[in-house]
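# Residue-level structural notes
Next come the chains, spelled out residue by residue.
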Amino acid sequence: MKIKGSEALMHGLIAEGVDRVFGYPGGTIMPVYDTLYDFSDRITHVLVRHEQGAIHAAQGYARVSGRTGVVIVTSGPGATNVLTGLGDSLMDSTPIVVITGQVGANWLGSDAFQETDIVCVAKPLTKWAYQVRTADEIPSALARAFYIASTGRPGPVVIDITKDAQQGLTDVPYTPCRYIRSYNPDPEVSEADLINVANLINASKAPMILAGQGITISGAEDELRRLADKADIPVACTLLGRAAISTDHPLNKGMLGMHGHLGPNVNTNKADLLIALGMRFDDRVTGDLDTYARQAKVIHVDIDPSELNKNVAATAAIHGDARKVLSALLPLVRETRRPEWLATFDAHARVEAEQVMERELHPTDPAGPMLMGEVAVKLAEAFDDNTVLVTDVGQNQMMGARYFSFTRPRSIITSGGLGTMGFGFPAAIGAKMGAPERTVFYFGGDGGFQMTMQELGTIMQYGTDVKIIILNNNFLGNVRQWQALFFGGRFSQTPMVNPDFVAIAGAYGIKAENVERRDQLDGAISRMKAHKGAYLLNINIDETDMVFPMTPAGGSVDDILLNPTEKYRP
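Below you will find a few notes about this structure. Please read all numbers here as calculations on a predicted model, not as lab measurements. (Residues numbered from 1 in each chain as written. Predicted model: local features only at pLDDT ≥ 70, side-chain atom pairs only at ≥ 80, totals over all residues. Heavy atoms only, no water.)

### So, helix H16 (residues 372–382)
The test is simple: Relative accessibility under 20% of the residue-type maximum defines a buried residue, over 50% an exposed one, and the middle range a partly exposed one, all with a 1.4 Å probe and only protein chains included. Helix and strand assignments follow DSSP, with helices taken as H or I runs no shorter than four residues and strands as E runs no shorter than two, numbered in order from the N terminus. In what follows, a contact means two residues having at least one pair of non-hydrogen atoms within 4.5 Å.
Counted residue by residue, H16 has eight buried out of eleven residues, so it is predominantly covered. Every buried residue belonging to H16 is among Met372, Gly373, Glu374, Val375, Ala376, Val377, Leu379 and Ala380, and all of these are buried. For H16, the elements touching its buried residues are helix H15 (339–361), helix H17 (395–403), strand E17 (439–445), strand E18 (466–472), helix H23 (521–530) and strand E20 (535–540).

So this is what it looks like as structure tokens:
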């Protein structure tokens, strides 16, 4: 029996296990939305307030659940409004399928109302973008989309479906895709390569593991811990890999990068072997490549072959899935103990605790404005390890990553590669929908929150229980920090006149309160914790508060700042 293309689309989504989509209707996608009405008992649609909110929510959903996020929007502005999320998903390896409507095939190229060549526009921001012009193409295109988005290095895919394809008839059955010629998402790893890597590890005196989000994507957290324990190797995590190993594990030495911890950053240039697992040597991690780890041999394991030898030359490069590689590697690695090497991390940690963390976490004025680090620690202490931290981008992001505790996988969601302000709030909504049993925090600044705060309407409509923390310093804080340090304190266009966030939340039926002074913070957190449902805390942050340590952009570990005027001299 023939069915409409829009119905074939619904059957395909159900076959792929999709039970929730995020979207916003419009003219050219109306046939799909009309059919969705009949499938509402099997597919829940989340009506966001802006298409950018749809894709960021789908990203949060995908990142916390490990499933592919699905977005449905119309053509023209609906499609172009998801471009930022596509770029973000591509850089951060998030599996997303975006279904866009398009004008009828006979109108293509005529500059019809709301026609945009979204396939050409989206190609640089996706793993694959394809336009469907007949109903018969829908099943195969959708199957390929899910296969490409979710395998290998995950990423976004766009399927652009003309309106007549949605309305046309087809009897083509839906068959999930399991193979595409010339696309090899699960490469085999040779025994010789594994032996070579094991020999490098066994011969090293001062190795360090650099753990990226690839550990989480492949589900290799247990294998990572077993390798670290067996060979006594310290682990440093990238921003997106922060939850790859529990923060209370004795071999977890902290975060790499511009605002990372002193130990792993300094010892990057002391190690004799770097074992990079599912990370891409981003410039925020390496700084000046000419001075980065010149003394070390490098093992690089990544599912994306284009990342191997791209920024840092590898002594041994393995194209493969992190879990698969580590499972095969573990029997080949010798049990070892390295007390002297590990002790060097402890020395740096003591300096950081005394000269940075003491100032950030134990301020003395009980009635003053708060510091970002103390807020993060108090929140982490008040809630259990079943929490998910979703940050925006900027100082809030760095402080959250530094001071929250992560004891479970998929516990931090943030925009890493693209650094998208406005990402965090809708992503937190999607994360809560993807993991309803977990407590989800949105941890953001006043600037980023205002970019997507219209999604308060989504929370109101669906009763989504997100705990909303706004670190409000009436500035674009991260840019202000750079202006203070590197631009002579000329605060060009960074001061912000903000609205009454508590009143705005109240208009959406969301419980909220202002936290003006330090002595109000504990009580506000307790009330938020006890409340069933969304809760917003607008917290008064000292506008001069900065994130340290800091390696200036393009600098090296010799340039790490402990405060605005003092470099670290280990």
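### Remarks on the nonpolar core
Taken as a class, soluble globular proteins show a tendency for nonpolar side chains to be buried jointly. Keep this limit in mind: Among the buried residues, those of types Ala, Val, Leu, Ile, Met, Phe, Trp, Tyr and Cys that are joined through side-chain atoms within 4.5 Å form a nonpolar core.
Formed by 50 residues in total, the largest nonpolar core has its most connected members in Val71, Phe449 and Ile468. Non-local contacts of Val71, meaning those with residues more than four positions away in its chain, are made with Phe22, Ala54, Ile55, Ala58, Val82, Ile96, Val97, Val98 and Ile99. Among the nonpolar cores identified, the runner-up in size contains 35 residues, and Ile29, Val132, Ile138 and Cys177 belong to it.

### Observations regarding the packing of aromatic side chains
Inclusion rule: Stacked, tilted and edge-to-face are the three classes assigned to paired rings of Phe, Tyr and Trp, where Trp is represented by its six-membered ring and a pair needs centres within 6.5 Å; plane angles under 30 degrees give stacked, over 60 edge-to-face, the rest tilted. In our convention, an over-ring charge means Lys NZ or Arg CZ found within 6 Å of a ring centre and within 35 degrees of that ring's normal.
According to the stated counting rule, one finds 14 aromatic pairs in the structure shown. Through a chain of ring-to-ring contacts, three or more aromatic side chains come together here, namely Phe383, Phe404, Phe441 and Phe443. Above the face of the Trp128 ring, Arg144 is positioned so that its terminal group lies 5.3 Å from the ring centre. Sitting over the face of the ring of Phe475, Arg480 holds its NZ or CZ atom 4.8 Å from the ring centroid.

### A look at H15
Quick note on the threshold: Note on bend: the value at a residue is the angle between axes fitted to the seven residues ending there and to the seven starting there.
Where H15 bends most, the angle comes to about 40 degrees, and this point is Ala353. Elements that come into contact with the buried residues of H15 comprise strand E9 (207–211), strand E11 (252–255), helix H12 (262–268), H16, H17 and strand E21 (561–563).

### Considerations on the pattern of salt bridges
Definition in use: By salt bridge we mean one thing: a side-chain nitrogen of Lys or Arg within 4 Å of a carboxyl oxygen of Asp or Glu.
Taken as a whole, this structure holds 22 salt bridges when the rule is applied. Salt-bridge contacts for Asp186 lead to Lys324; the nearest nitrogen and oxygen are separated by 3.2 Å. Linking Asp186 in the loop between strand E8 (169–170) and helix H9 (191–203) with Lys324 in helix H14 (residues 322–329), this pair joins segments that are 138 residues apart in sequence. The partly exposed category is assigned to Lys324, whose relative accessible area is 30%. With a shortest N-O distance of 2.8 Å, Arg527 and Glu513 are connected by a salt bridge. With Arg527 in helix H23 and Glu513 in strand E19 (residues 511–515), the pair connects residues that are 14 residues apart, well separated along the chain. Judged by its relative accessible area of 14%, Glu513 is buried. Shared partners join several salt bridges into a network, and the residues in it are Arg153, Asp304, Glu307 and Lys310.

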